[in-house]
Amino acid sequence: MTPKESHPLSAPAGYAAWLEDIKTRVNAARSRAALTVNAELILLYHGIGKDILERLARDGWGSKVIPRVAADLKAAFPDMKGFSTRNIKYMRYFAEHCPEGRFGQQPAAQLPWFHIVALLTRAEPSEREWYATQAVAQGWSRLTLERNIESHLRQRQGKAITNFTLRLPQPTSALAHETLKDPYLFDFLGLADDAHEREIENALIRHITRFLIELGTGFAYVGRQFRLEVAGDEFFIDLLFYHTRLKCYIVIEIKGGKFKPEHIGQLNFYLTAVDAQVKAEDDRPSIGLLLCRKQNRLVAQYAVNGIAKPIGIAEFDLLRNLSTPLADNLPSIEQIEAELADETPPEEPNKEKET
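On a predicted model such as this, the values are computed, not experimentally measured, just so you know.

Student: Sorry, what's going on with the overall build of the protein here?
Tutor: Counting its secondary structure elements, the protein contains 14 helices and 9 strands. Here the protein holds 355 residues, and the buried ones make up 41% of them. Carbon and sulfur atoms provide 54% of the accessible area of the protein, an area that totals close to 20,300 Å².

Student: I keep staring at the pattern of salt bridges and nothing clicks. Help me out?
Tutor: Taken as a whole, this structure holds 15 salt bridges when the rule is applied. Ionic pairing is found between Arg156 and Glu214, a salt bridge with its closest N-O pair at 2.7 Å. Taken together, the positions of Arg156 in helix α7 (residues 153-156) and Glu214 in helix α11 (residues 208-215) put the pair 58 residues apart, joining distant regions of the chain. The exposure class assigned to Arg156 is buried, which follows from its relative accessible area of 4%. Among the residues examined, Glu214 registers a relative accessible area of 9% and is labelled buried. In this structure, the salt-bridge partner of Lys309 is Asp275, at a minimum N-O distance of 2.9 Å. A residue pair is termed long-range when its members are at least 10 positions apart, and Lys309 in the loop between α13 (297-305) and β9 (311-317) and Asp275 in helix α12 (residues 262-277) qualify at 34 residues. A network of salt bridges, in which partner residues are shared, links Arg122, Arg142, Glu146 and Glu150.

Student: Please explain the side chain of Glu201 as it appears in this structure.
Tutor: Its location among the elements puts Glu201 in helix α10 (residues 197-206). Accessibility expressed as a relative area gives 2% for Glu201, which makes it buried. Of the polar contacts made by the side chain of Glu201, one reaches the side chain of Arg224; its length is 3.0 Å.

Student: I'm lost on the side chain of Lys255 in this one. Help?
Tutor: Considering the arrangement of structural elements, one finds Lys255 in strand β7 (residues 248-258). One buried charge, Lys255, has no salt-bridge partner; the nearest side chain with opposite charge is Glu253, at 4.2 Å. A distance of 3.0 Å separates a polar atom in the side chain of Lys255 from a polar atom in the side chain of Gln266.

Student: How do you make sense of helix α1 (residues 15-58) when you look at a structure like this?
Tutor: Residues spaced three or four apart along an α-helix point in a common direction, a consequence of the helix completing one turn every 3.6 residues. The terminal C-alpha atoms of α1 lie 64 Å apart, and with 44 residues this matches the ideal 64 Å at 1.5 Å per residue to within 8%. Here α1 has its buried residues at Asn38, Ile42, Tyr45, His46, Ile48, Gly49, Ile52 and Leu56. If you follow the buried residues of α1, they end up packed against α2 (65-76), α3 (85-97) and α4 (113-122). Backbone geometry just downstream of α1 places Gly60 in the positive-phi region, at approximately 70 degrees.

Student: What is the right way to read α13 from this model?
Tutor: Among the residues of α13, those classed as buried are Ala300, Ala303 and Val304. The arc that holds the buried residues of α13, viewed along the axis, is 90 degrees, so those residues lie on one side. Counted as exposed and oriented over 90 degrees from the buried face of α13: Leu298 and Tyr302. In the core, the buried residues of α13 are packed alongside β3 (161-162), α12 and β9. Sitting at the amino-terminal end of α13 is Asn296, which places a side-chain oxygen 3.1 Å from the backbone nitrogen of Leu298.

Student: Whenever I open this one, the pairing of strand β5 (residues 219-230) confuses me. Can you help?
Tutor: Across 10 bridges, the pairing between β5 and strand β6 (residues 233-243) is antiparallel. Across the sheet, Leu228 pairs through a bridge with Phe235, a residue of β6. Taking the residues between adjacent antiparallel strands as the criterion, β5 and β6 are bridged by 2 residues, where Ala231 takes a positive phi near 55 degrees.

Student: Would you mind showing me how to read the nonpolar core here?
Tutor: Generally speaking, soluble globular proteins have nonpolar side chains that are buried together. Phe94, Phe103, Trp113, Ile116, Leu119, Tyr131 and Leu145 are the most contacted members of the largest nonpolar core, which totals 34 residues. Secondary-structure elements contributing two or more residues to this core are α1, α2, α3, α4, α5 (128-138) and α6 (142-150). In terms of residue count, α4 provides more of this core than any other element does, 7 residues in total. Residues in contact with Leu145, not counting those within four places in the same chain, are His115, Ala118, Leu119, Tyr131, Ala135 and Trp140. Residues Ala176, Phe188, Phe241 and Cys248 belong to the second largest nonpolar core, which totals 31 residues.

Student: In this structure, what is going on with unusual backbone geometry? I would like to understand it.
Tutor: Trans peptide bonds make up the majority, and among non-glycine residues the majority have a negative phi. The linkage connecting Gln170 with the following residue, Pro171, adopts the cis geometry, with an omega of 0 degrees. Structurally, the position occupied by Pro171 is in the loop between α8 (164-167) and α9 (172-179). Cis rather than trans, the peptide bond between Asp182 and Pro183 has omega equal to 0 degrees. With respect to the helices and strands, Pro183 occurs in the loop between α9 and β4 (184-185).

Student: Looking at this structure, how should I read a nonpolar patch on the surface?
Tutor: Together, Leu44, Phe77 and Met80 make up an exposed nonpolar region whose accessible area comes to about 240 Å². Within the secondary structure layout, Leu44 lies in helix α1.

The rules behind each value
- Residues numbered from 1 in each chain as written.
- Predicted model: local features only at pLDDT ≥ 70, side-chain atom pairs only at ≥ 80, totals over all residues.
- Heavy atoms only, no water.
- Helix = DSSP H or I, 4+ residues; strand = E, 2+ residues; numbered from the N terminus.
- Buried < 20%, exposed > 50% of the residue type's maximum accessible area, 1.4 Å probe, protein only.
- Areas by Shrake-Rupley, 256 points an atom, 1.4 Å probe, with all protein chains shown as cover.
- Salt bridge = Lys/Arg side-chain N within 4 Å of Asp/Glu carboxyl O.
- Polar contact = N/O pair within 3.5 Å; in protein donor to acceptor, adjacent residues only side chain to side chain.
- Lys, Arg positive; Asp, Glu negative; His and termini not counted.
- Expected span 1.5 Å × (residues − 1).
- Contact = heavy atoms within 4.5 Å.
- Arc of directions from axis to C-beta.
- Pairing = 2+ DSSP bridges.
- Core = buried A, V, L, I, M, F, W, Y, C linked by side-chain atoms within 4.5 Å.
- Patch = residues over 30% accessible without salt bridge, like charges linked within 9 Å, V, L, I, M, F, W, Y side chains within 5 Å.

Here it is as structure tokens:
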């Protein structure tokens, strides 16, 4: 045996930077290759579904042909997953409900297969393009996509009462407004609807991962009961976050009851203190978010319009009813995934080890 080659004691000048560039190019090429493979797979699935639809309509084939197709394709391609009866039903559903292979202006081929299935079976037709666009832009996992559809994110996104157009320049004000939602859903806390403010705050920290998911992309947790000292007096912010896209601190205050205009004065003070003591020179002005059980939207709008600092107001719900999937007659995605996981190719005969 020949000894393994070892790295030289010292690399030539510029080697480290060159190597990092090569690594970046390799990773980029791998990503492009994966996207190409996915796009081809989606086009294949759409084509199979379209063919089945046409044969059913033109040649009078019955739906019982689908198990036959599945069996024949699995026999022909034993090393390829995806040809279960359940999955081929989804291919037909895909071609039927997305005949052009697009969600509005969004090509379906940019999404993984089970993202497409989730859009078709869980989202309303009028909202599929929005969820598809967000899934691509935000890099949502399939579970995140399903959760956002079920929680009606489309109807909640950008619905908080704010004064951002008055207090923030464009395009920051538009991005900040779209960052907030109304209402926020805290059903994952497992609390009764009469829970008190401190109970809610404690539960949010215990479930910080789910809380961050509900807040949305860009939120980074800084601390709870964040201490501020002003002229010897102590003050404590309920929750403090930093937003990586807005480049600013987000001060969150929780009120267990109905919104009152005086709540804004306290939040405005906290924002002034954070900007003076915590914000770095290159950070943008801090933003406040007041979460309450109920609000009169006109009263809330009047309250924030008269405040100098950028503030949003939104409700939160501790309980909600989940919507039911649109296609209850089709197998669940979990069933499909479990079935595909069992589609293992036959083992190859043992080969003698090379000497």
